[in-house]
Every structure is written in C-alpha cells, then in structure tokens.
Amino acid sequence: MHGLFQVSERIFQVRGFDIANIIFIKGDAGLIALDALTCPDTAAAALSLYRAHRDREGRRRLHTVMYSHSRGDHFGGVAGLIRQADVDAGQVQVIAPAGFLQKAVSENVIAGVAMARRAQFQLGQTLPKGPAGQVDAGLGKILPMGRPSLIVPTLEITRPFETHVIDGVTIDFQLAPDTEAPAEMHFFFPSERALNLAENTNHTMHNLCPRRGSQVRDALAWSKHLHAALHRWGDQIDVLFAQHHWPTWGGERARGFLAEQRDLYRVLHDQTVRLMCHGLKAAEIAERLVLPAGVSQRWHNRGYYGTLSHNVKAIVQRYLSWYDAHPANLHALPPVPAAVKTLAYMAGIDAVMQRAQADFERGEYRWVAEVMKHAVYAHPDRRDARELAAQALEQMGYQAESATWRNAFLLGAHEYREGPLQLLPPGAGFALVGALSSEMLFDALAMRVNAPKAGPLAFTMAWHFTDRQQHWRVELRNGALHALQVDQAPAARGAADAGAQHARRHADAAAGAGTGNRRWPAAAAGSGHVAGAVLRPARPLHAQLPGGRCRALARCLSAAAPAWQTIRSRRT
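Residues numbered from 1 in each chain as written. Predicted model: local features only at pLDDT ≥ 70, side-chain atom pairs only at ≥ 80, totals over all residues. Heavy atoms only, no water.

### Thoughts on the overall build of the protein
What the protein contains, in helices and strands, is 19 helices and 20 strands. Counting every position in the protein, which comprises 572 residues, the buried fraction comes to 54%. Contacts in the protein between residues at least 24 apart in sequence constitute 70% of all its contacts with a sequence separation of at least 6. For the protein, the accessible area works out to roughly 25700 Å², and carbon and sulfur atoms hold 53% of it. (Helix = DSSP H or I, 4+ residues; strand = E, 2+ residues; numbered from the N terminus. Buried < 20%, exposed > 50% of the residue type's maximum accessible area, 1.4 Å probe, protein only. Contact = heavy atoms within 4.5 Å. Areas by Shrake-Rupley, 256 points an atom, 1.4 Å probe, with all protein chains shown as cover.)

Dropping the structure here:
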C-alpha cells in the first residue's frame, strides 16, 4: 500500500514511492525531511504528494534534510527536494551522522560497479513482474531505476547523544554506528512521543550482509544500540517508526516490537559464535541453529528479507573470514577447472544429467542446483544442463520465504535460459564522484589503473586543484598509484615529472567516466593545463610518447581526458 500516512501530529510518512520511506516533519514555519529516497524523481514525487494534501499553497519551505544513514536509498533523491545553491547560500541545512560522507561515497563508488550487478539478483529489478517473477524486494516493492544524487552534509552529529531544536521541533539524536550501515543514527521526537530507528528495526529480519555485498554488519553492535534506545526512550514512546515498512502504534506494542528486534540480532550473534567455538562450520551452524520461539514466532522477525542461514554465515565471516579452516579449501581450483575435473570423476556429463534428473524428480533441488552448477561451468553449451539447472533454481525460488532469495534464484534460472540481461546503468553516477574527498578521488582513480600494462612506468605528477587550493603529489610505480596532499606544488620544487592545474570538478568528470558519465563535460575541455611531463620507464618502453602526447599516462588511467592531451613531453 502506497501513499501519504500520518504518524503523529507533526510527522507524515510517504510509503511505496521507492524501496524506502521518506518522512516529512512539520516545523513551526517550514518543513523537515528525514531521508530522501533513492533518486530525485521519487523524492520530488513524494514531496509533491505531501504538498498536495498538507501544504497546497507551498507556504512551508523545506529547510532541513536529515540523512538517517549512509545507504543510497536514503540520500540519493536529495536533489529532488533541495538545491545545492540554497545549501551554499545557507538557506537549507543537511544533517547526517558522523562519518556519513566517507561511508556513503566509498561504498557506492569504490565497489559500486560490482554491487550494481549483484544487486540485480538481490532486488530482481530485471525480472518480469508477477507471480512467476519479481513480487517484492523485502524492504519494499522495488528499487527505482533513476540516478542518485548527493548533497554534502552541513552538520554532523558527532556525540553519542545530541539534542537540537529545529524550527520549533526538539529532536534527540542517537548515533548508532556499525549497525545496518557503518554511519547511522536514531531520532526521538519528545513532543510527538515518536521514536525513529532508521533501518535498525524492520518488519522482517534484516541482512547482516546483503546479497549485493557489503562489509559484514555487526550484529552485536546492532543489538546494543537498540537496547540503549529502548532503555533511554522506551517509557516515553507512543509510536515507533522507521525508514522501511509501517509504524507500530501504542507504547506497549512499540516496546515489545523493539525488544524482540533487539533480541533477534543478539541471539543470532551469540548463538552463532557459541556454535562456531564448538568447531562447527558456517554451513553446519546455518542448518543447526534454531531461534527461541519468542523470537522466531514473531512476524517481524521472519526471514522475508534477510535469512537465518545467510546471517549466520555473515557472522562467521566477520570473525573468521571466508576460510573455513579446511586445508583443501585454502587453495581450491577456480570454478571452471574444478567443474571439468568433477564432471570427469562423475563419469561425464551424460551420466551426471541422468542422475541429476532423477534427483530433481525426488525434489532434491538444492543438490541438483549444486551439481548443475558444475555441469554448466564445464559444458556451458549444453542446453539440457542449463535447463535442468534453471528448473532447480526456479523451484528453490518458489519455495523461498525471503524475497531476496526468491529474486536471486529466479534471476539465476532466467539467465541459465536466456543469458545475462542487459546490465543496469551503474548506480553511483557522477553526483557521488563529486562528493568524494580528494584523497578518495585518487583512490578511485588508482583502482582504474591496469597494473600489468602500467607496471613498467614510473612517474610523479603535481596536481593543483585551483578551486580548493589543494596540492597533491601523485606517484605511479609498479602499477600502484599513490597520492599525498602536500603544502605546496611539488612541481615548484622540481620534485615532479608533470604538473596539472585545474578545478577539482574536471578531475571529477574524469573519474565519473567509469560511473555512467561517459563524456568529458564540455566545460572541462581545454580548461586548466598539464605541463612538463616526463615519464621514467622502469624498463625500456618503445614509442611511449608518439606525437608529442603523453599517451602512456592516458593508457594507465582509463579516465584520461582531452585536457590531458595538451601535455608537453619528452622522451626519457
């Protein structure tokens, strides 16, 4: 069910326009937004819905946006609510938990490309909608396809508990780092007797490591922050609400809900670690661990999104890494050669197909999926193997309680039959690149270096960002790119082989070329200059600098730009 819902006298929630919720809080004169959804389109539509029903004449200016945490579906739509120019002019403030910016952009830019592909299996955006396809994403119906935006916070909450009065609304903030997100916070509204717990309480078991991938979340910290919130505000609340799903009204019901969510993550953590210390492997714990009835028999603790099996394995990974301590798995063969040998040991593909078909008829879908994985790796052109693999995953999808497991199984089945679907556009986009610190920008560029090709090269560059008055010394050696901020331009001291001078946004455009921004902005062409380039190969390179252009540098950094082609160079 989607629409505008009233939570309390001042608090309104828009649900169903995005995978997440957006909250509007009515101040004495203006409007406060809690979170901003995934992309500007959905955020603007949500704000329009609020105004259509509660502020038809648009008298309430939206003057504050609060980011609850550093996941993209909670800040990516901010450009649909406010303008950067208004923030720069001091007319709008943006509040976030400590460490928000670094965590938000590092996850979405550094690992964004890999996560975008994996997220297809988690959320099922590319599956057909319907009873045989995608029906839900666990935390909401679906993730929108628009490009995210980001406006840098103007105020960070840095103490464990802080209180601020914004437009007549008193808000108690609680930092909750290393929970669902590495930078996250809760909100208590005393006048409304309303507690918002960001994404740390949901009407489902959450993920401790999502299918798309992330750093494993700390179930123990998660439980402890909920415990602190319960004891600080539990006797003052009439309603508990969050950034996914629907509110829980009534003090007793809200306290019970919060306590049971707290207990869920604590018992998941403690019992996994207990069995881990008894020597059980992650898969064995996942099969054996049983939650107490007081936890497992609550609808809001069921695995509609995260699952007990997946979360147990995440906890083991957090403490012990991927290695299961069996020496045979320490240096196992990669999937394809392992599959070829496995099929040979199993008397070949035809014998495997016969046995797997019999197991399928007996309903042993998990085992058939495992065996057919090897079969398809070893014989990717065998359509009968791909079809049986698809049928096994399809049945597992139909049986899955978790929406994300269902999506993964059904998309796997679809791709066995039809091949990979067209990739979604990368989720990070140019807006997040612009929010990177300069250090993180160079980290992003470093990951673009093709080390085998760049290995013979060695050079230094003096980089001056004129709009930020920053000087950076960048060094490439052995395929590794290192950057260090310095007090003055290295080129001025003769300590660099090349000098680059331009506004930071032009470097952003270069990095953005890998996140969906395929064209170098026209404003960057010819802006600034890069001069005095000298490349020093670690071993002889032939024809590295033809035509007077530093093409070796352009090959090393795949985000090379036309402005760099003006480099004046000489052979070493």
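### Some details on the environment of W472
On the secondary structure map, W472 appears in strand β15 (residues 470-477). Remark: the alpha-carbon pair of W472 and V486, spanning 14 residues in sequence, is separated by 5.7 Å. Within the structure, W472 has its side chain in polar contact with the side chain of Q470 (distance 3.2 Å). (Polar contact = N/O pair within 3.5 Å; in protein donor to acceptor, adjacent residues only side chain to side chain.)

### As for the packing of helix α10 (residues 335-345) against helix α12 (residues 365-378)
Where α10 contacts α12, the two axes come as close as 8 Å, and the packing angle between them is 105 degrees. Here α12 runs roughly perpendicular to α10, going by the angle between their axes. Along the contact surface, α10 presents P335, V336, A339, V340, T342 and L343, while α12 presents H374, A375, Y377 and A378. Taken together, the residues of the contact of α10 with α12 sort by class into eight nonpolar, two polar and no charged. (Axes fitted to C-alpha atoms, helices over the stretch in contact; angles between N-to-C directions. Parallel < 35°, antiparallel > 145°, perpendicular 65-115°, else oblique. Nonpolar A, V, L, I, M, F, W, Y, C, P; charged D, E, K, R; others polar.)

### Some words on the nonpolar core
F24, L62, Y67, L81, I82 and L150 are the most contacted members of the largest nonpolar core, which has 60 residues in total. In this structure, L208, A229, V267 and L291 belong to the second largest nonpolar core, which totals 36 residues. (Core = buried A, V, L, I, M, F, W, Y, C linked by side-chain atoms within 4.5 Å.)

### Topic: the sheet that holds strand β1 (residues 3-6)
Spatial strand order, β1-β2-β3-β4-β5-β6-β7: seven strands in an open sheet with mixed pairing. Edge strands, defined here as strands with exactly one partner in the open sheet, are β1 and β7 (155-157). Between one strand axis and the next, the sheet turns by 20 degrees as a mean value, whatever way the strands run. Here strand β2 (residues 11-15) runs beside strand β3 (residues 22-26); their pairing, made up of four bridges, is antiparallel. Bridge pairing links V14 to I22 in β3. (Pairing = 2+ DSSP bridges.)

### Side note on helix α11 (residues 349-361)
A rise of 1.5 Å per residue sets the reference length of α11, with its 13 residues, at 18 Å; its end C-alpha atoms lie 18 Å apart and thus fit the reference within 8%. Among all positions of α11, only I349, A351, V352, M353, A356, D359 and F360 are buried. Taken together, the buried residues of α11 touch α10, α12 and α13 (383-399). Immediately downstream of α11, the backbone of G363 shows phi near 80 degrees, a positive value. (Expected span 1.5 Å × (residues − 1).)

### Description of the sheet that holds strand β9 (residues 169-175)
Read from one edge to the other, the open sheet built from six strands follows the order β8-β9-β10-β11-β12-β13, with strand pairing classed as mixed. Single-partner strands in this sheet number two, and they are β8 (161-166) and β13 (248-249). With three bridges joining them, strand β11 (residues 194-196) and strand β12 (residues 239-241) adopt parallel strand pairing. Across the sheet, residue A194 finds its bridge partner in β12, namely V239. Relative to β9, helix α5 (residues 219-233) is tilted by about 145 degrees, and along the sheet it contacts β8, β9, β10 (185-189) and β11.

### Notes on the packing of aromatic side chains
Scanning the model with the defined rule gives 17 aromatic pairs in all. A ring pair is formed by F12 and Y50, whose centres lie 5.6 Å apart and whose planes are at 70 degrees; its orientation type is edge-to-face. One end of the pair, F12, is in strand β2; the other, Y50, is in helix α1 (residues 40-54), with 38 residues separating them in the sequence. For F12, a relative accessible area of 2% corresponds to the buried category. Pairwise contacts between aromatic rings join F442, W463, F465 and W472 into one cluster. The positively charged end of R15 is found above the aromatic ring belonging to F5, 3.7 Å away from the centroid. Taking the ring centre of F161 as reference, the NZ or CZ of R232 above it sits at 3.7 Å. (Phe/Tyr/Trp six-rings, centres within 6.5 Å; stacked < 30°, edge-to-face > 60°. Lys NZ or Arg CZ within 6 Å of the ring centre and 35° of its normal.)

### Topic: the confidence of the model for the protein
Of the residues in the protein, 86% reach a pLDDT of 70 or more, and the chain-wide mean stands at 86. Note on residues 513-572: pLDDT is under 50 here. Beyond four places in sequence and across chains, it has 119 contacts. (pLDDT = per-residue confidence, 0-100.)

### Considerations on the pattern of salt bridges
One pass over the full model with this rule turns up 25 salt bridges. The salt bridge involving D238 is made with R193; its shortest N-O contact spans 2.9 Å. Taken together, the residues D238 in the loop between α5 and β12 and R193 in the loop between β10 and β11 connect sequence positions 45 residues apart. What makes D238 partly exposed here is its relative accessible area of 37%. (Salt bridge = Lys/Arg side-chain N within 4 Å of Asp/Glu carboxyl O.)

### A word on the pairing of strand β16 (residues 480-486)
Where β15 and β16 come together, seven bridges link them in antiparallel fashion. Bridging across to β16, H471 finds its partner in V486. Between β15 and the antiparallel strand that follows it, β16, lie two residues; N478 among them carries a positive phi value of about 55 degrees.

### Structural notes on the environment of L47
Following the sequence through the fold, L47 ends up in helix α1. Along the primary structure L47 and V14 are separated by 33 residues, whereas in three dimensions their C-alpha atoms are 8.6 Å apart.

### Section: the packing of α11 against α13
Pairs of packed helices are described in terms of their axes, by the angle between the two and the distance that separates them. At a minimum axis separation of 11 Å, α11 and α13 run at an interaxial angle of 20 degrees. Relative to α13, the element α11 is oriented roughly parallel. Here α11 runs over α13; the crossing is left-handed. Where α11 abuts α13, its residues M353, A356, Q357 and F360 lie against D384, A385, L388, Q391, A392 and Q395. For the contact of α11 with α13, the per-class residue count stands at six nonpolar, three polar and one charged. (Left-handed = near helix turned anticlockwise from the far one by under 90°.)

### Side note on the side chain of H244
Secondary-structure assignment places H244 in the loop between β12 and β13. When its relative accessible area of 1% is taken as the criterion, H244 is described as buried. Of the polar contacts made by the side chain of H244, one reaches the side chain of H74; its length is 3.3 Å. The residues contacting H244, other than those within four sequence positions of it, are I19, A20, N21, D73, H74, L139, E199 and N202.

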